[in-house]
Amino acid sequence: MGDPKDKQTSDRKPFAKKSLGQNFLVDVSYVSKIVSALGLSEGDLVVEIGPGRGALTGRLLETGAQVAAVEIDRDLSRLLEKEFGGEARFRLVTADFLETDLRDIVGGRTAKVAANLPYYVSTPILRKLFANRDLFSELVVMLQKEVAERITAAPGDSARGFLTVLLERGFDAEKLFDVPSGAFRPVPKVESAVVRLSTKRSKTDATTDAEFEELASAAFRQKRKTLKNNLGAAGGSLREKIEKKGGADLVLEQSGIGPSIRAEALTEEDWRSLAEVIFG
Ligand code: SAM
């Protein structure tokens with residue numbers, strides 16, 4: 001796919017396309033660590049996002065699992081078909097992951113996800129996985145280290161943000177290990193880390209994901225401000241709901257949350273109480 005600058009980032013053929021976040025994992029010890037973290041058994045289904053040159057794909061297939069891989073780059077898809085197309089347990093979808101119908105890809109089964117994610121699009125991919133989490137038991141994903149730390153940050157850590165609490169609603173997140181930039185070709189400018197996200201099966205509260213997203217997005221709108229200020233400045237239907245419940249002060253009091261707290265300090269239990277007071 002066609003950014004002319006991509007040729008200059010090439011390491012060996014086919015050219016690595018910077019515009020598609022192509023940094024290929026070449027250190028096999030990390031390939032093994034990622035694949036063993038998934039604990040795959042024969043017959044399991046794993047969705048691989050961005051198989052690239054197949055560094056993970058081959059090892060995933062060796063476990064006996066079925067692999068449904070989604071790759072956006074036609075040049076790489078041709079290579080992948082050549083290498084793994086003869087394997088009945090391998091299925092390749094050449095498409096933008098964000099445009100795929102995941103329900104169709106998993107075909108009524110519960111799958112796992114393996115990915116060394118393209119970093120330019122990791123947040124929308126994680127959000128899509130969150131929205132479709134009923135299809136997945138577990139995700140093992142490589143992310144930019146900073147993002148991995150953000151989504152696994154504990155309450156009180158200033159690294160926490162909207163994505164942290166959104167994913168926390170759907171998954172138990174655990175940082176597994178760091179991966180140095182030298183493990184990739186071309187060598188990326190950022191450090192990486194692998195995270196496991198295990199889907200929570202119990203429903204967190206009575207609110208919908210859309211309501212929770214509206215609340216979390218307002219709560220983190222100005223990170224340095226208190227939750228009370230951010231909720232007081234909320235707009236749209238959230239504002240109406242908060243006003244109906246007597247305003248931000250009262251909502252926080254009824255949720256058992258102190259008036260000077262910031263959104264980053266809220267525990268999962270606090271988010272649940274707050275969401276229930278506002279939307280319940
Ligand atoms: N899995 C390979 C590895 O570990 O060496 C490649 C990882 S590379 C960081 C990211 C891969 O995602 C590339 O193959 C890239 O073409 C692919 N990709 C980028 N954007 C994508 C998208 N929107 N949908 C599907 N694949 C995408």
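Just so you know, these numbers come straight off a predicted model, no measurement behind them.

Draft legend 1. Expanded view of the site of the ligand. Around the ligand, the structure places 23 residues, and the nearest of them are Leu25, Gly50, Glu71, Asn116 and Tyr120. A distance of 2.8 Å is found between an oxygen atom of the ligand and a backbone nitrogen or oxygen belonging to leucine 25. At 2.8 Å from a nitrogen atom of the ligand is found a side-chain nitrogen or oxygen belonging to tyrosine 120. If the ligand stood free it would expose 590 Å²; the protein chains cover 99% of that surface. Mapped onto the shell around the ligand, the elements with two or more residues apiece are strand S1 (24-25) and strand S3 (66-71). When the residues that make up the shell around the ligand are grouped by side-chain class, the tally is 13 nonpolar, 6 polar and 4 charged.

Draft legend 2. Spotlight on the pairing of strand S5 (residues 111-116). Across the 6 residues that make up S5, a large majority, 6, are buried. The two faces of S5 match: Ala111, Val113 and Ala115 on one face and Lys112, Ala114 and Asn116 on the other face are all buried. Alignment of strand S2 (residues 45-49) against S5, held across 4 bridges, turns out to be parallel. Each bridged residue has a counterpart across the sheet, and for isoleucine 49 the counterpart in S5 is alanine 115. What joins S5 to strand S6 (residues 136-144) is helix H5 (residues 122-131), and the crossover it makes is right-handed.

Draft legend 3. Inspection of the packing of helix H8 (residues 209-219) against helix H12 (residues 268-279) at higher detail. Between H8 and H12, whose axes approach to 11 Å, the crossing angle comes to 110 degrees. Taken together, the axis directions place H8 and H12 in an arrangement best described as roughly perpendicular. The handedness of the crossing between H8 and H12 is right-handed. In contact with Glu211, Phe212, Glu214, Leu215, Ala216 and Ala219 of H8, H12 contributes Trp271, Leu274, Ala275, Ile278 and Phe279.

Draft legend 4. A look at the packing of helix H7 (residues 162-170) against H8. Taken N-terminus to C-terminus, the directions of H7 and H8 make an angle of 155 degrees; their axes are 10 Å apart at the nearest point. Considered as vectors, H7 and H8 are oriented roughly antiparallel to each other. Between H7 and H8 the crossing geometry is right-handed. Contact residues: Phe162, Val165, Leu166 and Arg169 in H7; Asp209, Phe212, Glu213, Ala216 and Ser217 in H8. Partitioning the contact of H7 with H8 into residue classes produces 5 nonpolar, 1 polar and 3 charged.

Calculation rules
Residues numbered from 1 in each chain as written. Predicted model: local features only at pLDDT ≥ 70, side-chain atom pairs only at ≥ 80, totals over all residues. Heavy atoms only, no water. Near = heavy atom within 4 Å. Polar contact = N/O pair within 3.5 Å; in protein donor to acceptor, adjacent residues only side chain to side chain. Areas by Shrake-Rupley, 256 points an atom, 1.4 Å probe, with all protein chains shown as cover. Helix = DSSP H or I, 4+ residues; strand = E, 2+ residues; numbered from the N terminus. Nonpolar A, V, L, I, M, F, W, Y, C, P; charged D, E, K, R; others polar. Buried < 20%, exposed > 50% of the residue type's maximum accessible area, 1.4 Å probe, protein only. Pairing = 2+ DSSP bridges. Right-handed = clockwise from strand over helix to strand, strands pointing away. Axes fitted to C-alpha atoms, helices over the stretch in contact; angles between N-to-C directions. Parallel < 35°, antiparallel > 145°, perpendicular 65-115°, else oblique. Left-handed = near helix turned anticlockwise from the far one by under 90°. Contact = heavy atoms within 4.5 Å.

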